[in-house]
Amino acid sequence: MRQAVFEQRHGEEIGRFERWLEHKQAGRRDRTRAVNALPDVEMPAVYRRICQLLALARDRQYSPDLVDRLNQLVLRGHHLLYGARGGHSARVLRFLAADFPGMVRDEWRLVVASMVLFFGPLLAMIAALIAHPDFIYHLLDPRHIAQFQEMYDPANTRVGMRDADDNVMMFAYYIWNNVKIGFQTFATGMAFGLGTIFYLLSNGLTIGAVAGYLTAVGHGVPFWSFVSGHSAMELGAIVLSGAAGLKLGGALISPRGLSRKAALVAAGRPAVKIMYGAALMFLIAAFIEGFWSPLKTFPPSTKYAVGLAIWLILLLYFLFAGRGRGT
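Predicted model only: the values in this text are computed from it and were never measured.

Rules behind the numbers
Residues numbered from 1 in each chain as written. Predicted model: local features only at pLDDT ≥ 70, side-chain atom pairs only at ≥ 80, totals over all residues. Heavy atoms only, no water. Salt bridge = Lys/Arg side-chain N within 4 Å of Asp/Glu carboxyl O. Helix = DSSP H or I, 4+ residues; strand = E, 2+ residues; numbered from the N terminus. Buried < 20%, exposed > 50% of the residue type's maximum accessible area, 1.4 Å probe, protein only. Expected span 1.5 Å × (residues − 1). Arc of directions from axis to C-beta. Bend = angle between axes of the 7 residues up to and from the residue. Core = buried A, V, L, I, M, F, W, Y, C linked by side-chain atoms within 4.5 Å. Contact = heavy atoms within 4.5 Å. Patch = residues over 30% accessible without salt bridge, like charges linked within 9 Å, V, L, I, M, F, W, Y side chains within 5 Å. Areas by Shrake-Rupley, 256 points an atom, 1.4 Å probe, with all protein chains shown as cover. Phe/Tyr/Trp six-rings, centres within 6.5 Å; stacked < 30°, edge-to-face > 60°. Lys, Arg positive; Asp, Glu negative; His and termini not counted. Axes fitted to C-alpha atoms, helices over the stretch in contact; angles between N-to-C directions. Parallel < 35°, antiparallel > 145°, perpendicular 65-115°, else oblique. Left-handed = near helix turned anticlockwise from the far one by under 90°. Nonpolar A, V, L, I, M, F, W, Y, C, P; charged D, E, K, R; others polar.

Let us now look at the pattern of salt bridges. Across all of its chains, the model carries five salt bridges by this definition. In this structure, R49 and E13 form a salt bridge, with 3.8 Å as the shortest nitrogen-oxygen distance. Taken together, the positions of R49 in helix α3 (residues 43-59) and E13 in helix α1 (residues 3-26) put the pair 36 residues apart, joining distant regions of the chain. For R49, a relative accessible area of 28% gives the class partly exposed. For E13, a relative accessible area of 27% puts it in the partly exposed group. Of the charged contacts, one joins D99 and R94 as a salt bridge, the two residues approaching to 3.8 Å between their closest N and O atoms.

If you want it as structure tokens, here you go:
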């Protein structure tokens, strides 16, 4: 085959792969440009095809320019496919600085849906339990209710903790509890999203009920000052876990021409990456909850201010971090 025929037959395939590499390596999240590139799920198969074309070009002794172009594409594709783009620390920083907030923005519809499913019942239960605090006995057993009353009693010297608890033990417990909630909310999305919806609703109902009840019985100041510091990280991570779970469920419900297995694999890649970020948020929330939230050294007004600042920082991070990167 002559080189001109070879380039005419495979030029579009090579060009699309080249545009995909430019899009990924530049770190851009421009959807209009991505339309003309290859979907990520096709990358391994197309990469192998480019390797075959390079071997053919070398075997047929095509021009050095064409061979060098294909060789560069193979090298760049290998770096992307196997993650050889720098040290581990650089990749982590890139993920936190740009990739994670960018993926959350990309999935904003699922994030909004998760927020509605979680915060809707949470806010409704706060209002309902403030008006009818005895309704808590239809939702929780008396033993748990008594524990909450003890933990958030204004006379408690360590708000949010029992006498037998210490900060390190509670930090470890909060990590375990947060990871459990996040994993349940995410992984059950594979049940066509129904499990994710259930856990978002149930966690919203429970948290809202406890908050409303404690406010109604006069424990509101200790409770709200305790949760204000870690609420942004913990509640935000629950919402993101829900969005990731809904993405899995959506891929199974509407595979868009793929097999359900292929659709689940394609959706699973960004969903798992979102969960990486959510896991870090859960860890930060557990640290704040274990070592800052119980302190009575600072007045409630200071804790509210710190909590509001964290909410604002988190909002600005997801709205603006990583925008324009690589342009």
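Picking up after the structure, the text goes on.
Our next topic: α3. Across its 17 residues, α3 extends 24 Å between first and last C-alpha, which sits within 8% of the 24 Å expected from 1.5 Å per residue. Buried within α3 we find M43, V46, Y47, I50, L53, L54 and A57. Looking down the long axis of α3, one finds its buried residues gathered within 115 degrees of arc, a one-sided arrangement. For α3, the exposed residues set more than 90 degrees away from the buried face come down to R48 and D59.

Turning our eyes to something else, we now look at helix α11 (residues 260-291). Taking 1.5 Å as the rise per residue, α11 with 32 residues should run 46 Å; its terminal C-alpha atoms sit 45 Å apart, in good agreement. Maximal helix bending in α11 amounts to about 35 degrees, located at G268; proline P270 follows within four positions.

Next up on the list: the nonpolar core. Counting 54 residues, the largest nonpolar core has F100, F118, L240 and M281 as the members making the most contacts within it. At the level of secondary structure, the elements contributing two or more residues to this core comprise α5 (88-106), α6 (108-131), α7 (142-151), α8 (167-187), α9 (194-216), α10 (220-253), α11 and α12 (300-320). The leading source of residues in this core is α10, at 13 residues. Not counting residues up to four positions away in its chain, the partners in contact with F100 are F95, L240, K273, I274, G277, A278, M281, Y317 and F318. In this structure, I50, L53, L54 and L73 belong to the second largest nonpolar core, which totals 19 residues.

Together, L312, L315, L316, L319 and F320 give the surface a local cluster of nonpolar side chains, amounting to about 480 Å² of exposed area. Tracing the backbone shows L316 in helix α12.

Attention now goes to the packing of aromatic side chains. In total, this model carries 17 aromatic pairs according to the counting rule given. Where F171 meets F287, the ring centres are 6.0 Å apart and the plane angle is 90 degrees; that geometry is what we call edge-to-face. Within this pair, whereas F171 is found in helix α8, its partner F287 is found in helix α11, the two being separated by 116 residues in sequence. For F287, a relative accessible area of 49% corresponds to the partly exposed category. Ring-pair connections join several aromatic residues into one group, and the members of that group are F95, F100, Y317 and F318.

This part covers the environment of S254. Of note, S254 is situated in the loop between α10 and α11. Between the alpha carbons of S254 and F192 there is a distance of 9.8 Å; along the sequence they are 62 residues apart.

What follows deals with the side chain of E289. Residue placement: E289 occurs in helix α11. Here E289 is buried and forms no salt bridge, its nearest opposite-charge partner K303 lying at an N-O distance of 11 Å.

Working note: a packed helix pair is described by the angle between its axes plus the distance between those axes. Direction vectors running N to C along α6 and α9 enclose 25 degrees, while the axes themselves pass 7 Å from each other. Considered as vectors, α6 and α9 are oriented roughly parallel to each other. Crossing angle aside, the handedness with which α6 passes α9 is right-handed. For the contact of α6 with α9, the class distribution of residues is 17 nonpolar, six polar and no charged.

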